[in-house]
Amino acid sequence: MDKNSSPIGSFIRKLFGSHRKRSAGEASPQTSGPQLIPEEVHQIPRRQLNDAAMKTAYHLQDEGYEGYLVGGCIRDLLMNKHPKDFDVATNATPEQAHALFRRSRLIGRRFKLLHVRFGRDMIEVATFRASHDSHPKNSDGEHGRQNDSGMIVRDNVYGTIEEDALRRDFTVNALYYCPKDHCVYDFTHGYNDLKNRTLRMIGDPDARYREDPVRMLRAARFAAKLGFTIEPETEAPLYELGYLLKDIAPARLFDEVLKIFQSGHGVESYHQFRKYGLLEHIFSQTAYCLDNPQGAPVEQLVLNALQNTDRRLQQDKSVTPAFLFAALLWYPMQQRMRKLQQQEGLHTVPAMHEAANQVIGEQISQTAIPRRFSTPIREIWELQFRLPRRQGKRADRLMEHPRFRAAYDLLVLRENSGEDLEGLGKWWTDYQTQNPQIRSHMSREVPKDEAPKRRRRRRSPAKKHEQNNG
Ligand code: ATP
Ligand code: MG
């Protein structure tokens, strides 16, 4: 039997219809009201609900506003997954909500929000948003604004819960959990889609991607994370509209890329991005190398790096974005370096530095890389050229380098991916497990040509004189 036509369903639905508070100036709903999924049907265990999020929503309701847990947290709980974060939606404006919570802070301009702190938990409270078309009065530039290609550049047009549901991206992301009656409110048939493992865009997919092209990356990420099928109409524009990502602020794309890397489903996300041709819009240099590998095991390295990260996340180990960027951009850097050596006759080290500048510079124009990551990326690359030079005391000194571990990991990944490094990765693996005596023996045994002599910088008296005099 359809859950929604069950007696308990219709009973709660009636109850909900008569009790729900309306916010001031509320427009008439565009939907026929929500489907209500009672607790005995959805079976989200109460102990899985974040305490701070529940208290926040509850407090809002006690103060006469609406307050629900919403979005990814409800979707993930229905899938028996552990939510990454908990979001609350309300009809209180950010300022009204701010007045209710002592430890809260207003943030954002494009999308105004309230951050409420409970000990170590931080709950994001968002006011119900409406589509800009339904509130032309508010799309005045101050509250809501779209650019010439229809992209939303400001999204602070407030509305009702129904409108809020309709402006969300996918139906499975538009489920609301009420802390008082413990029901899930569904305005877009998201519960059905979730049970059928379908990712469906709310509204007209083409227009919704144009409004916010980041939704394409989100579609690929959720399909990968949830193992969902993207519904055909939601899927079709993904092949066409990737180029719109060029209009997204690089800092926002960097955040999105981090979410992909840290989702624990990097490998599957990669396959999705390749399938829809989205990778070339966020990692264009890597995509180029993948299509023109010039004999290097480019795809193997990318897959191994992502698999490594996915595995570490499963084991609750930390991952550093610098390592992944270093791996994904390793062959672009190598190709650039070779070109600089061949065309401009640069030596290894200056060629590497110049190639690193160029490759990181180009990547930054797509996905901003904060300096706290770009410096380690350069160091990890630089160490790839120092790790072969391990004779005498050098090996121990290299191991003290703060980036040694990441550089060693990349070296092993390169070797495991099929690059011929003459057993260098294995040498370093062995070296780290040996006692000092064997270590010293190992570093003495390194063939001379792999440990070039240090060049003494002895200047001739004539040169010295020349330089001292300007
Ligand atoms: P996760 O946190 O697992 O990455 P999520 O769905 O919770 O996934 P968030 O970025 O935390 O993603 O966003 C919370 C909710 O806000 C989403 O579930 C969705 O309803 C809405 N949302 C987020 N980004 C967009 C967007 N670009 N367009 C429309 N709705 C969005
Ligand atoms: Mg979330």
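In this text the structure is predicted, and so the values were computed from the model without any measurement.

Definitions and limits used
- Residues numbered from 1 in each chain as written.
- Chains lettered and ligands numbered in written order.
- Predicted model: local features only at pLDDT ≥ 70, side-chain atom pairs only at ≥ 80, totals over all residues.
- Heavy atoms only, no water.
- Core = buried A, V, L, I, M, F, W, Y, C linked by side-chain atoms within 4.5 Å.
- Buried < 20%, exposed > 50% of the residue type's maximum accessible area, 1.4 Å probe, protein only.
- Helix = DSSP H or I, 4+ residues; strand = E, 2+ residues; numbered from the N terminus.
- Domains from an automatic or database assignment.
- Contact = heavy atoms within 4.5 Å.
- Patch = residues over 30% accessible without salt bridge, like charges linked within 9 Å, V, L, I, M, F, W, Y side chains within 5 Å.
- Areas by Shrake-Rupley, 256 points an atom, 1.4 Å probe, with all protein chains shown as cover.
- Salt bridge = Lys/Arg side-chain N within 4 Å of Asp/Glu carboxyl O.
- Lys, Arg positive; Asp, Glu negative; His and termini not counted.
- Charge placed at Lys NZ, Arg CZ, Asp CG, Glu CD.
- Near = heavy atom within 4 Å.
- Polar contact = N/O pair within 3.5 Å; in protein donor to acceptor, adjacent residues only side chain to side chain.
- UniProt positions renumbered as here; feature names shortened; annotations may be inferred.
- Arc of directions from axis to C-beta.
- Expected span 1.5 Å × (residues − 1).
- Pairing = 2+ DSSP bridges.
- pLDDT = per-residue confidence, 0-100.

Of all hydrophobic cores here, the largest spans 115 residues; its most connected members are L69, I74, F283, F325, W381 and W428. At 8 residues, the largest contribution of residues to this core is made by helix 9 (residues 214–226). Counting residues domain by domain, this core receives three or more from each of domain 1 (3–203) and domain 2 (266–386). Not counting the four nearest positions on each side in its chain, W381 is found in contact with F325, A326, L329, W330, M333, M352, A356, V359, I360 and L410. Judged by nonpolar contacts, the second largest core, of 14 residues, contains V70, F128, A165 and A174.

This part takes up the environment of A327. Structurally, the position occupied by A327 is in helix 16 (residues 321–328). For the pair formed by A327 and V302, sequence separation is 25 residues and the distance between their alpha carbons is 6.7 Å. In this structure A327 touches L301, A305 and L410, once residues within four positions along its chain are discounted.

Residues R102, R103, R105 and R117 make up a contiguous surface patch of positive charge. Secondary-structure assignment places R102 in the loop between helix 5 (94–100) and strand 4 (104–107). Assessed through its relative accessible area of 80%, R102 is described here as exposed.

Before going further, it helps to examine the site of ligand 1. As a structural note, the neighbourhood of ligand 1 is formed by 18 residues, with K84, N173, D212, R215 and R221 the closest of them. One nitrogen or oxygen atom from the side chain of R75 is found 2.9 Å from an oxygen atom belonging to ligand 1. Backbone polar atom of D169 to a nitrogen atom of ligand 1: 3.2 Å apart, as the coordinates give it. For ligand 1, whose free accessible area comes to 580 Å², the fraction covered by protein is 87%. Those elements that place two or more of their residues in the shell around ligand 1 are helix 4 (72–78), helix 9 and helix 11 (250–261). At 5 residues, the largest contribution of residues to the shell around ligand 1 is made by helix 9.

Those residues carrying the UniProt feature "active site" (unreviewed entry) are D85, D87 and D169 in this numbering. Owing to a relative accessible area of 23%, D87 belongs among the partly exposed residues under this scheme. In contact with D87, not counting residues within four places along its chain, are Y68, L69, V70, C73 and E124. Within the secondary structure, D169 sits in the loop between helix 6 (161–167) and strand 9 (175–177). By relative accessible area, D169 is classed as buried at 8%. When neighbours within four sequence positions are excluded, D169 is seen to be in contact with R200, M201, I202, R208, R215, R218 and F222.

Restricting attention to buried positions, one finds in helix 22 (residues 424–433) the residues L424, G425, W427, W428 and Y431. Here the buried residues of helix 22 occupy an arc of 160° about the axis, which is enough to place them on one side. Along helix 22, the residues that are exposed and aim more than 90 degrees away from the buried face are K426 and T433. For helix 22, the secondary structure elements touched by its buried residues are helix 20 (394–399), helix 21 (404–417) and helix 23 (436–444).

The periodicity of an α-helix, 3.6 residues per turn, causes residues three or four places apart in sequence to face the same way. Over its 12 residues, helix 11 runs 16 Å from end to end, which matches the ideal 16 Å to within 8%, given 1.5 Å per residue. What helix 11 keeps buried is the set L253, F254, E256, V257, L258, I260 and F261.

A few words on the environment of Q384. For Q384, the position within the fold is in helix 19 (residues 371–386). Judged by relative accessible area, Q384 falls into the buried class, the value being 4%. Along the chain, Q384 and A407 lie 23 residues apart, while their C-alpha atoms are 6.5 Å from each other. If sequence neighbours within four positions are ignored, Q384 has contacts with W330, A407, L410, L411 and R414.

In this section: the pairing of strand 3 (residues 87–90). In the case of a regular strand, side chains alternate between the two sheet surfaces. Examined bridge by bridge, strand 2 (residues 67–70) and strand 3 share 4 bridges and lie antiparallel to one another. Pairing of Y68 across the sheet is with A89, part of strand 3. Sheet analysis places strand 3 next to strand 6 (residues 121–127), joined by 4 bridges and oriented parallel. From the neighbouring strand, V88 faces strand 6, where its bridge partner is V125.

Let's shift gears to the confidence of the model for the protein. For the protein, mean pLDDT is 88; residues scoring 70 or higher make up 86% of the total. Confidence drops under a pLDDT of 50 for residues 460–470, and excluding neighbours within four residues, the segment shows 1 contact in the predicted structure.

Positive phi, normally seen in glycine, also occurs at Q294, with a value near 45°. Mapping Q294 onto the fold places it in the loop between helix 14 (284–291) and helix 15 (298–314). The exposure class of Q294 is exposed, given its relative accessible area of 53%. A positive phi angle, near 50°, is found at E422, a position not held by glycine. Tracing the sequence through the fold places E422 in the loop between helix 21 and helix 22. The exposed category is assigned to E422, whose relative accessible area is 67%.

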